[in-house]
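Inside the fold
Here's the letter readout for the chains.
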Amino acid sequence: MTHAPTGRLRLAYARIAQETNALSPVLTTLADFDSMHHITGEALGRACAKGGQEAEGFLANAELSGFVRACGGEADVTLVPISSAWAIPSGPLSRDCFEALTTELLDGLRAALPLDGVYLCLHGAMGVEGLPDPEGALLERVREVIGDIPLAVTMDLHANLTQRRMRTLDVLVGYATNPHRDHVRTAKLAGRLLLRRLRGEIQPTTAWRTLPLLVGGGTTLDFLPPMLGIFHRMRALERRGEVLTASVFMCHVWNDDPDLGWSVVVTTDGDQAKAEEIADELADRCWEARHEQPPKFASAQEAVAQAQRMKLRRKLGAITLADASDVVTAGAPGDTTCMLRALLEGGQGLRAYLPMRDPRAVAQLWKEDVGRELTLEVGGSLDPEVSEALEVTGVLRRKQEVPGMKRQCVLRIGDVELVITEGPPVTIRPSFFSDVGLDPWKADVLVVKNFFPFRLFFLPLSRKTIYVKTKGRTDLDAAFGLEFNEPLHPIEQVTEWRPTDARRRGLAS
Ligand SMILES: [Zn+2]
């Protein structure tokens, strides 16, 4: 539908976002959204306006304020804030939680009609108990309410794309950075494309491809090969105006969609053949990068022994041990005890800081006085199937409440400073430790429950990163044990991506 360029444009915006680890037994409820970020209507409008705090406590500006910046200053535009809900990565949303958020969004859109366009910020790897392709279902329900008006969507680059999603939306833009630091840019671009489309300045047309590829691209960081070249290529295409937008989605491997995999999306101004050609080229480049697998992982005992040997590096900074099996930013519960056990057994003389989520232990410690020595069980309380609780004796050094992270305690056990958190211990920045009074420069060993993003922020401090495979919900082999519709790289030897792509996009005969 084309709108008269002189008419006023009413554009609505909203968000429902969470990254789900399908293996985690810890369901995500409405309380998890409420405690992190959940606002509607005028409050959302104020939060996204200039000088506002879009997601208070963790991001001053993200997608929705980016969208507002792109469209809000235009004389012919009226913006209608609907709702915004964002929770930390964890297990699937409960069905009630998903229904409540969806109903809130749909009711808001219905009340805002008539609209000329809608912008939605989704994650793309959100799971809901008992509901396949929940974001596909959500998009279809949004479409039913808004009718045939342009719908622009942004997603995390760990999104999974399905035919249902691609059929329903008009414009899709993904993050172009990993770790993600371009939330604003992504939505600004989506907003501008939506606006130009409504003014009749462009006719976006999209091609996409989906690959039988779960893990590849080395560290998958945008500033390191092999992904660096692919991201450069996409930005150059955008700069030269050959495409309106191009995105690569590297999927979230702990997503239980049986058609999971990497995908690429290319949108041009009315040139479908060119969109198809560039989508093929980008898909081929991703497919070639499949052979570069993530770094090899040591066992917890090996990692501690390695850290013991690196005396000089410890003098100059710290050794970072990344517990790749319990990555809370990929939805793991964060309560495994394997790393702590290894440090207590083999880490004598190593001053180590270690995060652990354990609401039960926090509740117990909260009643105690700082300075007291006590014996208690830590870890293994949220996900006892994965690791057992460990009995430790230590001195309670600190208790504090942090917005978003809830209550935290520091327990000193020998040379280990254990940071016990009520909420997920997000250790992307060294400030996780300094915020509880632990100077990261004084540590020999820093344990993080994160994959790659932390490396950027730990760069000044970390002299060596050792990836550790313990046992947990972000083990790759755990993800590889999920059920898929066909062979996927690197679980199996797959030589061609095109047959899978054709079937998933409904082109196969
Ligand atoms: Zn992501």
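Everything numeric in this text was worked out from a predicted model, so none of it was measured. (Residues numbered from 1 in each chain as written. Predicted model: local features only at pLDDT ≥ 70, side-chain atom pairs only at ≥ 80, totals over all residues.)

Secondary structure summary: the chain contains 17 helices and 17 strands in total. Taken over the C-alpha trace, the chain has a radius of gyration of 23 Å; the compact-globule value for 509 residues is 23 Å, and the two agree within 12%. Seen through its C-alpha atoms, the chain measures out along the principal axes to roughly 70 × 50 × 40 Å. Intrachain contacts of the chain at a sequence separation of at least 6 include 76% that bridge at least 24 residues. (Helix = DSSP H or I, 4+ residues; strand = E, 2+ residues; numbered from the N terminus. Rg over C-alpha atoms; globule rule 2.2 N^0.38 Å. Contact = placed C-beta atoms within 7 Å.)

This paragraph deals with the packing of helix 10 (residues 300–309) against helix 12 (residues 338–346). As a packed pair, helix 10 and helix 12 sit with axes 9 Å apart at the nearest point and diverge in direction by 45 degrees. Classified by the angle between their axes, helix 10 and helix 12 sit oblique to one another. Crossing geometry of helix 10 relative to helix 12 is assigned as right-handed. Of the residues in helix 12, those in contact with Ala300, Gln301, Val304 and Ala305 of helix 10 are Cys338, Met339, Ala342, Leu343 and Gly346. Grouping the amino acids of the contact of helix 10 with helix 12 by side-chain chemistry returns seven nonpolar, two polar and no charged. (Axes fitted to C-alpha atoms, helices over the stretch in contact; angles between N-to-C directions. Parallel < 35°, antiparallel > 145°, perpendicular 65-115°, else oblique. Left-handed = near helix turned anticlockwise from the far one by under 90°. Nonpolar A, V, L, I, M, F, W, Y, C, P; charged D, E, K, R; others polar.)

Read across the open sheet, the three strands follow the order 7-9-8; overall the sheet is antiparallel. With one partner strand each, in any of the chains shown, strand 7 (204–210) and strand 8 (245–249) form the two edges of the open sheet. Each strand axis lies, on average, 10 degrees off the axis of its neighbour in the sheet, ignoring direction. (Pairing = 2+ DSSP bridges.)

Taking strand neighbours across the sheet as the criterion, the six strands line up as 2-3-1-4-5-6 in an open arrangement whose pairing is mixed. Taken across any chain shown, the strands that pair with only one partner, and hence form the sheet edges, are strand 2 (37–40) and strand 6 (171–174). Strand-to-strand twist in this sheet, taken as the mean axis angle between neighbours without regard to direction, amounts to 20 degrees. Looking at chain direction, strand 4 (residues 117–122) and strand 5 (residues 151–155) are connected through four bridges and run parallel. Pairing of valine 118 across the sheet is with leucine 151, part of strand 5.

Right, let's talk about the packing of helix 4 (residues 95–112) against helix 5 (residues 134–146) for a bit. Close contact between helix 4 and helix 5 brings their axes to 9 Å; oriented N to C, the two are set at 25 degrees. Of the possible angle classes, the one that applies to helix 4 and helix 5 is roughly parallel. In this structure, helix 4 meets helix 5 at a crossing whose hand is right-handed. For the pair formed by helix 4 and helix 5, the contact residues are Phe98, Thr102, Leu106, Leu109 and Arg110 on the first element and Pro134, Leu138, Arg141, Val142, Val145 and Ile146 on the second. Per-class residue counts for the contact of helix 4 with helix 5 are eight nonpolar, one polar and two charged.

With that settled, consider the domain arrangement of the chain. Assigned domains within the chain: domain 1 (9–291) and domain 2 (300–477). Each side of the interface is counted separately: domain 1 has 22 residues, and domain 2 has 17 residues. Residues of the side of domain 1 that touches domain 2, tallied by class, amount to 12 nonpolar, nine polar and one charged. (Domains from an automatic or database assignment.)

What follows concerns helix 3 (residues 63–71). Counting buried residues along helix 3, eight of its nine residues qualify, which places the element largely inside the surrounding structure. When helix 3 is considered as a whole, its buried residues turn out to be Glu63, Leu64, Ser65, Gly66, Phe67, Val68, Ala70 and Cys71. (Buried ≥ 20, exposed ≤ 12 C-beta atoms within 10 Å, placed from the backbone.)

An ideal rise of 1.5 Å per residue puts 18 Å on 13 residues; helix 8 (residues 227–239) measures up with 18 Å between its terminal C-alpha atoms. Every buried residue of helix 8 is accounted for by Met227, Ile230, Met234 and Leu237. For helix 8, the arc enclosing every buried residue in end-on projection is 95 degrees, short of the 170-degree limit, so these residues lie on one face. Away from the buried face of helix 8 by more than 90 degrees, exposed residues Gly229, His232, Arg235, Ala236 and Arg239 are located. Contacts from the buried residues of helix 8 go to strand 8 and helix 9 (272–288). Two residues or fewer after helix 8 comes glycine 241, characterised by a positive phi angle close to 75 degrees. (Expected span 1.5 Å × (residues − 1). Arc of directions from axis to C-beta.)

As a further point, take the pairing of strand 5. For strand 5, the tally of buried residues reaches five of five residues, placing the bulk of the element in the interior. Side chains of strand 5 alternate between two faces, with Leu151, Val153 and Met155 and Ala152 and Thr154 buried alike.

This part is about the pairing of strand 1 (residues 9–17). Along strand 1, seven of the nine residues are buried, which leaves the element largely enclosed by surrounding structure. Here strand 1 runs beside strand 3 (residues 77–86); their pairing, made up of eight bridges, is parallel. The residue bridging alanine 17 from the neighbouring strand is tryptophan 86, located in strand 3. Across six bridges, the pairing between strand 1 and strand 4 is parallel. Residue leucine 11 lies in a different strand from strand 4, and its bridge partner there is glycine 117.

Among the nonpolar cores identified, the biggest contains 156 residues, and Cys286 and Leu354 are the most heavily contacted of them. Counting residues per element, this core draws most heavily on helix 7 (residues 183–198), which supplies eight residues. Not counting residues up to four positions away in its chain, the partners in contact with cysteine 286 are Leu211, Leu213, Ile230, Val248, Trp262 and Val264. (Core = buried A, V, L, I, M, F, W, Y, C linked by C-beta atoms within 7 Å.)

Geometrically, the link from leucine 113 to proline 114 is a cis peptide bond, its omega value of 0 degrees lying close to zero. Here histidine 489 and proline 490 are connected by a cis peptide whose omega angle stands at 0 degrees. With phi around 45 degrees, aspartate 133 is a residue other than glycine that occupies positive phi space. Tracing the chain through its elements places aspartate 133 in the loop between strand 4 and helix 5. Residue aspartate 133 is classed as partly exposed on the basis of its 18 C-beta neighbours within 10 Å. In this model, cysteine 251 sits at a positive phi of 55 degrees, which is unusual for a non-glycine residue.

We now examine the environment of aspartate 34. Mapped onto the elements of the fold, aspartate 34 is located in helix 1 (residues 30–36). In this structure, the C-alpha to C-alpha distance between aspartate 34 and alanine 85, residues 51 residues apart in sequence, is 7.8 Å.

This part is about the environment of alanine 125. By secondary structure assignment, the location of alanine 125 is in the loop between strand 4 and helix 5. Alanine 125 gets classed as buried once you count the C-beta atoms within 10 Å, which come to 29. Once the C-alpha coordinates of alanine 125 and threonine 29 are considered, the two residues, 96 residues apart in sequence, prove to be 16 Å apart.

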